[in-house]
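Architecture and fold: a report
Single-letter residue listing:
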Amino acid sequence: HTLETTAIARGVARALRLNEDLTEAIGLGHDMGHPPFGHAGEDELDRCLRERFGTGFRHNEQSHDIARALNLTGEVCDGILTHTGSREPDSLEGKIVRLVDRVAYINHDIDDAIRFGILAAEELPREEIALLGATGAKRIDTLVHDLVETSERAGDIEQSSEVGEAMLSLRSFMFERVYLGPHAREEHERAHTTVRRIFEQLVARGDSEPELTAFIAGMTDRFALAYADEL
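These lines cover the structure that appears in this document, whether it is placed above or below. (Residues numbered from 1 in each chain as written. Predicted model: local features only at pLDDT ≥ 70, side-chain atom pairs only at ≥ 80, totals over all residues. Heavy atoms only, no water.)

1. Notes on the overall build of the protein chain
Secondary structure summary: the protein chain contains 12 helices and 0 strands in total. Shown N-terminal to C-terminal, the secondary structure of the protein chain runs as helices and strands in the order α-α-α-α-α-α-α-α-α-α-α-α. The principal-axis extents of the C-alpha atoms in the protein chain amount to approximately 55 × 45 × 25 Å. Scored against the burial criterion, the 231 residues of the protein chain give a buried share of 45%. Considering only intrachain contacts with a sequence separation of at least 6, the fraction spanning at least 24 residues in the protein chain is 67%. Carbon and sulfur atoms make up 50% of the accessible area of the protein chain, which amounts to about 12,100 Å² in all. Computed over 25 positive and 44 negative side-chain charges, the inter-centroid distance for the protein chain is 2 Å. (Helix = DSSP H or I, 4+ residues; strand = E, 2+ residues; numbered from the N terminus. Buried < 20%, exposed > 50% of the residue type's maximum accessible area, 1.4 Å probe, protein only. Contact = heavy atoms within 4.5 Å. Areas by Shrake-Rupley, 256 points an atom, 1.4 Å probe, with all protein chains shown as cover. Lys, Arg positive; Asp, Glu negative; His and termini not counted. Charge placed at Lys NZ, Arg CZ, Asp CG, Glu CD.)

2. Considerations on the pattern of salt bridges
Evaluated as defined, the whole model comprises 20 salt bridges. Notably, a salt bridge pairs Arg196 with Glu44, separated by 2.7 Å at the nearest N-O pair. Within this pair, whereas Arg196 is found in helix α10 (residues 185-205), its partner Glu44 is found in helix α3 (residues 38-53), the two being separated by 152 residues in sequence. Notably, a salt bridge pairs Asp207 with Arg205, separated by 2.7 Å at the nearest N-O pair. Judged by relative accessible area, which is 16%, Asp207 ranks as buried. Connected via shared salt-bridge partners are Arg10, Arg14, Glu20, Asp21 and Glu24. (Salt bridge = Lys/Arg side-chain N within 4 Å of Asp/Glu carboxyl O.)

3. Re the packing of helix α6 (residues 92-115) against helix α9 (residues 161-179)
Closest axis-to-axis distance for the α6/α9 pair is 10 Å, and the angle between their directions is 45 degrees. Our classification of the angle between α6 and α9 gives oblique. Seen along the crossing, α6 lies across α9 with a hand that is left-handed. Contacts between α6 and α9 involve Leu99, Arg102, Val103, Tyr105, Ile106, Asp109, Ile110 and Ala113 from the former and Met167, Leu170, Arg171, Met174, Phe175, Val178 and Tyr179 from the latter. Of the residues assigned to the contact of α6 with α9, the class counts are 12 nonpolar, no polar and 3 charged. (Axes fitted to C-alpha atoms, helices over the stretch in contact; angles between N-to-C directions. Parallel < 35°, antiparallel > 145°, perpendicular 65-115°, else oblique. Left-handed = near helix turned anticlockwise from the far one by under 90°. Nonpolar A, V, L, I, M, F, W, Y, C, P; charged D, E, K, R; others polar.)

4. Digging into helix α12 (residues 221-230)
Within α12, the full set of buried residues consists of Ala224, Tyr227 and Ala228. Seen end-on, α12 carries its buried residues on one side only, within an arc spanning 95 degrees. Those residues of α12 that are exposed and aimed more than 90 degrees away from the buried face are Arg222, Asp229 and Glu230. Packed against the buried residues of α12 are α10 and α11 (209-217). (Arc of directions from axis to C-beta.)

5. Details of the nonpolar core
If you look at the biggest cluster of nonpolar residues, it comprises 38 residues, and the most contacted ones within it are Val12, Ile96, Val100, Ile106, Leu119 and Met174. Broken down by element, this core gets its largest block of residues, 10 residues, from α6. Beyond its immediate stretch of four places on either side in the chain, Val12 contacts Ile96, Val100, Val144, Leu147 and Val148. Judged by nonpolar contacts, the second largest core, of 19 residues, contains Ala40, Cys48, Val203 and Ala217. (Core = buried A, V, L, I, M, F, W, Y, C linked by side-chain atoms within 4.5 Å.)

6. Points about the packing of helix α2 (residues 20-29) against α6
Contact pair α2 / α6: the axes reach a minimum separation of 9 Å and the direction vectors enclose 40 degrees. On the basis of the axis angle, α2 is oblique to α6. Regarding α2 and α6, the two cross each other, and that crossing is right-handed. Facing Leu22, Thr23, Ile26 and Gly27 of α2, the residues of α6 in contact are Glu93, Gly94, Ile96 and Val97. For the contact of α2 with α6, a count of residues per class yields 4 nonpolar, 3 polar and 1 charged.

7. A short note on a nonpolar patch on the surface
A surface patch of nonpolar side chains, about 250 Å² in accessible area, is lined by Met32, Leu70 and Leu72. When you line up the elements, Leu72 lands in the loop between α4 (59-69) and α5 (74-81). Accessibility expressed as a relative area gives 35% for Leu72, which makes it partly exposed. (Patch = residues over 30% accessible without salt bridge, like charges linked within 9 Å, V, L, I, M, F, W, Y side chains within 5 Å.)

8. Here we look at α4
For α4, every residue scored as buried is listed here: His59, Asn60, Gln62, Ser63, His64 and Ala67. Where α4 is buried, its residues touch α2, α3, α5 and α11. Backbone geometry just downstream of α4 places Asn71 in the positive-phi region, at approximately 60 degrees.

Pasting the structure below:
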């Protein structure tokens, strides 16, 4: 996902004659702080930290902390911090990554869901698919062309209302049918249990809040499952 987001975002930046290197750096760093198991893992780590330390967790903030520790520029740090959440990025390059992040994961996840039999192609919303394209590659092509052409006219990073609404509709569909669907509940529970088990072991070991947060957030799915199995 990171490489796909970065490649698409850099292509958009090139088409708009913006800073490609800045766009690439934001794209490569935007999910550095993401914990294992995607948003299910993030939600459980947030819950554990609130209960135990009264703090919380957001992957964009963790990514931002890593970027600052690496002494990356203010523009890169800002783009990483604001790739999700309520605040818009200060730079046009950051706005590109923020939009392309959604474009990349929604379309890739549609293809994955069809490949693994969670969805059938004919179940996808017809009007949105007719507008955007029947395959992930065609949808990304449509979305990128629309993003470049609309942004060039607006002097800002924007989608046309028609394409933007179609993408949001697809996103809502994916949350309802895939991300939060019945088939995902067992995996979400496994993610929650694994993250909490590791968290509680690290607290019992005496790790500080920053130490255990960084350790858990830096785990891959496989490492987290293996680590939990050893406890």
